[in-house]
Amino acid sequence: AQVARLNRLIHNLVELARTEESVKPAAMETLNLSEIVQANVDAFQPLAEADGKVLASDVAPGVRMRGVQDNLFRLLTILLDNAVKYCDDNGSIRVRLEQRKREIVLTVTNPCASLTTQDTRHMFDRFYRADASRSRSTGGNGIGLSIAQGIVSRHEGSIRARKLGAELEMRVTLPNG
């Protein structure tokens with residue numbers, strides 16, 4: 001079990017290092033982000049239901065952008081995995097994708113009453129785990145959101161976490177085009 005855990009940690013550290021590299025223009029392609037988001041929501045639906053949680057989406061159709069498909073799938077996987085893992089019991093996770101004039105906005109919101117505003121300030125720090133909501137029993141090592149931040153940066157976007165009452169909102173803003 002320890003060897004498997006160390007192998008996952010090494011894999012995640014290599015992935016994190018790669019997110020710090022710039023993306024070669026040849027690796028970028030025009031992608032349908034709506035399809036990527038919806039495919040991830042569909043994949044996480046059974047996991048959320050098995051955990052007694054509701055996963056709902058509001059995905060604007062035909063949202064397109066230039067990017068690296070594997071990176072964007074990984075970004076969604078990290079955000080949805082965290083939302084399902086750390087969502088309060090019987091909670092509802094909401095995923096929304098919208099296209100605005102100058103930007104694309106993706107939000108993932110879930111109830112997480114134990115999380116504090118102070119925690120949201122450090123969520124993208126490497127190896128950070130909020131004591132109450134992110135124990136070792138959830139299986140992570142505190143690198144996922146650092147990887148997500150690297151992926152978003154590679155795509156010239158921004159990501160932030162904020163506490164809205166008892167809910168956590170992860171907001172990703174990407175360039176439109």
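Up top you'll find the structure we're talking about.
Residues numbered from 1 in each chain as written. Predicted model: local features only at pLDDT ≥ 70, side-chain atom pairs only at ≥ 80, totals over all residues. Heavy atoms only, no water.

Student: Can you help me understand the overall build of the protein chain in this one?
Tutor: A tally of helices and strands in the protein chain yields five helices and seven strands. If you list the helices and strands of the protein chain from N to C, you get α-β-α-β-β-α-β-β-α-α-β-β. The 177 residues of the protein chain split such that 43% are buried. Sequence separation of at least 24 residues holds for 70% of the intrachain contacts in the protein chain that already meet a minimum separation of 6. (Helix = DSSP H or I, 4+ residues; strand = E, 2+ residues; numbered from the N terminus. Buried < 20%, exposed > 50% of the residue type's maximum accessible area, 1.4 Å probe, protein only. Contact = heavy atoms within 4.5 Å.)

Student: Explain the environment of Glu29 to me, please; I cannot follow it from the model alone.
Tutor: Assignment of secondary structure puts Glu29 in strand β1 (residues 29–32). A residue is classified by how much of its surface remains accessible, and Glu29, at 38% relative accessible area, is partly exposed. Filtering out sequence-adjacent residues up to four positions away, Glu29 remains in contact with Met65, Arg66, Gly67 and Gln69.

Student: Please explain the nonpolar core as it appears in this structure.
Tutor: It is characteristic of soluble globular proteins that their nonpolar side chains tend to be buried jointly. Counting residues in hydrophobic clusters, the biggest one holds 43 residues, and the most contacted among them are Leu33, Val37 and Leu79. Of all the secondary-structure elements, those providing two or more residues to this core are α2 (33–50), β2 (54–59), α3 (69–86), β4 (92–99), β5 (103–111), α5 (144–154), β6 (158–164) and β7 (167–175). With nine residues, the single largest contributor to this core is α3. Apart from the residues within four sequence positions on either side, Leu33 is in contact with Val63, Arg64, Met65, Leu72, Leu97, Ile104 and Leu174. (Core = buried A, V, L, I, M, F, W, Y, C linked by side-chain atoms within 4.5 Å.)

Student: Quick question: what am I supposed to make of unusual backbone geometry here?
Tutor: Residues other than glycine predominantly adopt negative phi, and peptide bonds predominantly adopt the trans conformation. Phi at Asn90 is positive, roughly 60°, even though this residue is not glycine. Taking the relative accessible area as the measure of exposure, Asn90 reaches 65% and is therefore exposed. Positioned with a positive phi, Glu156 is a non-glycine residue whose angle comes to about 60°. Looking at the element boundaries, Glu156 is found in the loop between α5 and β6. Classification of Glu156 by relative accessible area gives exposed; the value is 70%.

Student: What exactly am I supposed to notice about the sheet that holds β5 here?
Tutor: For sheets, the rule is that strands pair by backbone hydrogen bonds, running either parallel or antiparallel. A sheet is described by the order of its strands in space; here five strands give the open sequence β2-β4-β5-β7-β6, paired in mixed fashion. Of all strands in the sheet, those with a lone pairing partner are β2 and β6, marking the two edges. With direction set aside, neighbouring strand axes in the sheet form an average angle of 15°. As paired elements, β2 and β4 share six bridges and run parallel to each other. Bridge pairing in β4 places Asp58 opposite Arg96. Sheet strands in contact with α2 are β2, β4, β5 and β7, and its direction is about 170° off that of β2. (Pairing = 2+ DSSP bridges. Axes fitted to C-alpha atoms, helices over the stretch in contact; angles between N-to-C directions.)

That's the geometry; what it means functionally is another story.
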